[in-house]
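Observations on the model geometry
Single-letter residue listing:
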Amino acid sequence: MPEIRSIGIIGAGQMGNGIAHVSALAGLPVAMVDISRPALDKALATIARNMERQIGRKLITPEQRDEALERITTSTDLASFGTTDFVIEAATEKEEVKREVFKALCPHLKPEAMLASNTSSISITRLAAVTDRPERFIGMHFMNPVPVMKLVEVIRGIATDEPTYRAVEALARKLGKMTATAQDFPAFIVNRILVPMINEAVYALYEGVGDIRSIDTAMKLGANHPMGPLELADFIGLDTCLSVMQVLYDGLSDSKYRPCPLLVKYVEAGWLGRKTGKGFYDYSQDPPAPTR
């Protein structure tokens, strides 16, 4: 089984900086690449801030934080992955973007390097097919926020070999995560179940079954969910929720996965949730106010 001694991450957004955070704390050198230097600087600031919170909760020491931050290097050049053992793509949840990323990446990798996508829904087999190493390609879907959530979904493509699978299982354990192995079907396990529930909550709002607060309160108090489905949608990002529903609808051709028209309208409006300051709730107010 190959041992993963260094990590590369493509994308400095919410997921990318979270993966960098846990990898560096686990003692692994991390190279993080993004097309935007400001995004990389913001990611480093976010990681430092989140580690401060962990210090406050006595989960790590200041020394562990300092050592972890020193393990993270950033660049806008894919060539910085030249000696990296394992590269995780955490770019936007659009298949065409991911495919172009992998095409550009592969010429910079050493022959034995392994690849993963952090996709929450897109076919691992299709993504692997654009690379020069489909047998060393796998899905490694971290949950958000990465430093807090314990689960990693591991998804084998049709070509993924056993040593790659075992190496990624071992890596997840090193990062302090538990794994659930999913087959390469649309949206895998978590989002196959979770996002249609969110979509159904949007339908309940769209059809006037309840207002935003009532729907969220009903699921928090009636099903003991820590967040209501519309609040959760804002946390995930409405564009991501819509992308997952479109993957399910296209991949399974079942009308029960049809994205709610109201979800589509919110995304068209640019109301994507917390990351844009407005989704089903308006986050410019405290507490956030429903937008409908």
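Before reading further, recall that the structure is shown in the block above.
This one's a predicted model, so the numbers in the text were calculated from it and none came from an experiment.

A tally of helices and strands in the protein yields 11 helices and 10 strands. Scaling as 2.2 N^0.38, a compact globule of 292 residues should have a C-alpha radius of gyration of about 19 Å, and the protein matches this with 19 Å. A total of 292 residues make up the protein; the buried ones form 49% of that total. Counting every atom, the protein has about 13600 Å² of accessible surface; 54% of that belongs to carbon and sulfur. One way to put it: in the protein the 33 positive side-chain charges average out to a point 2 Å from where the 35 negative ones average out.

Per the stated rule, a full pass over the model turns up 5 aromatic pairs. Taking 4.6 Å as the distance between ring centres and 35° as the angle between the ring planes, the aromatic pair formed by Tyr 266 and Phe 280 counts as tilted. Highlighted residues: Tyr 266 in helix 11 (residues 261-268) and Phe 280 in the loop between helix 11 and strand 9 (281-282), separated in sequence by 14 residues. Take Phe 280: its relative accessible area is 0%, and that puts it in the buried class. With a centroid separation of 6.5 Å and 55° between ring planes, the pair formed by Tyr 281 and Tyr 283 is classed as tilted. The class of Tyr 283 is partly exposed, set by a relative accessible area of 24%. Among the aromatic side chains, those forming a connected cluster through ring pairs are Tyr 266, Trp 271 and Phe 280.

This paragraph deals with a positive patch on the surface. On the surface, a cluster of positive charge is made up of Lys 42, Arg 49, Arg 53 and Arg 57. Secondary-structure assignment places Lys 42 in helix 2 (residues 37-56). A relative accessible area of 61% means that Lys 42 is categorised as exposed.

It is worth spelling out the environment of Ser 6 at this point. In this structure, Ser 6 sits in the segment before strand 1 (7-10). On the basis of relative accessibility, which here comes to 14%, the residue Ser 6 falls in the buried class. Along the primary structure Ser 6 and Phe 86 are separated by 80 residues, whereas in three dimensions their C-alpha atoms are 6.5 Å apart. Those residues in contact with Ser 6 that lie beyond four places of it in its chain are Leu 28, Pro 29, Thr 83, Thr 84, Asp 85 and Phe 86. A polar contact is formed between the side chain of Ser 6 and the backbone nitrogen of Asp 85, at a distance of 3.0 Å.

Spatially, the 8 strands line up as an open sheet ordered 3-2-1-4-5-6-7-8, and their pairing is mixed. Two strands bound the open sheet, and with one partner strand each, they are strand 3 (72-75) and strand 8 (178-182). Sheet twist, expressed as the average angle between the axes of neighbouring strands with direction ignored, equals 25°. Where strand 1 and strand 2 (residues 30-33) come together, 4 bridges link them in parallel fashion. Residue Ile 7 lies in a different strand from strand 2, and its bridge partner there is Val 30. Along the sheet, helix 2 contacts strand 2 and strand 3; its crossing angle with strand 3, the most-contacted strand, is approximately 160°.

With 37 residues, the main nonpolar core has Ile 7, Met 32, Phe 86, Ile 88, Met 140, Phe 142 and Leu 171 as its most contacted residues. Leaving out residues up to four positions away in the same chain, Ile 88 has contacts with Ile 7, Gly 8, Ile 9, Ile 10, Ile 19, Ala 116, Asn 118, Met 140 and Phe 142.

The next thing to look at is helix 2. Here helix 2 contains 20 residues, and its C-alpha end-to-end distance of 29 Å stays within 8% of the 28 Å for a straight helix at 1.5 Å per residue. Among the residues of helix 2, Leu 40, Ala 43, Thr 46, Ile 47, Asn 50, Met 51, Gln 54 and Ile 55 are the ones counted as buried. Those residues of helix 2 hidden inside the fold are in contact with helix 1 (14-25), strand 2, helix 3 (62-70) and strand 3. Sitting at the amino-terminal end of helix 2 is Ser 36, which places a side-chain oxygen 3.1 Å from the backbone nitrogen of Ala 39. Looking one or two residues beyond helix 2, the residue adopting positive phi is Lys 58, at roughly 60°.

This brings us to the pattern of salt bridges. Counted under the stated rule, the structure contains 17 salt bridges. Notably, a salt bridge pairs Asp 66 with Arg 65, separated by 2.9 Å at the nearest N-O pair. Overall, the relative accessible area of 17% leaves Arg 65 in the buried class. In this structure, Lys 110 engages Asp 85 in a salt bridge whose closest nitrogen and oxygen atoms are separated by 2.6 Å. Taken together, the residues span a long stretch of sequence, with Lys 110 in the loop between helix 4 (95-105) and strand 5 (114-117) and Asp 85 in the loop between strand 3 and strand 4 (86-89) at a distance of 25 residues. Of the two residues, Lys 110 and Asp 85, neither departs from the other in class, the shared state being buried. If you follow the salt bridges from partner to partner, you end up with Glu 52, Arg 65 and Asp 66 in one network.

Calculation notes
Residues numbered from 1 in each chain as written. Predicted model: local features only at pLDDT ≥ 70, side-chain atom pairs only at ≥ 80, totals over all residues. Heavy atoms only, no water. Helix = DSSP H or I, 4+ residues; strand = E, 2+ residues; numbered from the N terminus. Rg over C-alpha atoms; globule rule 2.2 N^0.38 Å. Buried < 20%, exposed > 50% of the residue type's maximum accessible area, 1.4 Å probe, protein only. Areas by Shrake-Rupley, 256 points an atom, 1.4 Å probe, with all protein chains shown as cover. Lys, Arg positive; Asp, Glu negative; His and termini not counted. Charge placed at Lys NZ, Arg CZ, Asp CG, Glu CD. Phe/Tyr/Trp six-rings, centres within 6.5 Å; stacked < 30°, edge-to-face > 60°. Patch = residues over 30% accessible without salt bridge, like charges linked within 9 Å, V, L, I, M, F, W, Y side chains within 5 Å. Salt bridge = Lys/Arg side-chain N within 4 Å of Asp/Glu carboxyl O. Contact = heavy atoms within 4.5 Å. Polar contact = N/O pair within 3.5 Å; in protein donor to acceptor, adjacent residues only side chain to side chain. Pairing = 2+ DSSP bridges. Axes fitted to C-alpha atoms, helices over the stretch in contact; angles between N-to-C directions. Core = buried A, V, L, I, M, F, W, Y, C linked by side-chain atoms within 4.5 Å. Expected span 1.5 Å × (residues − 1).

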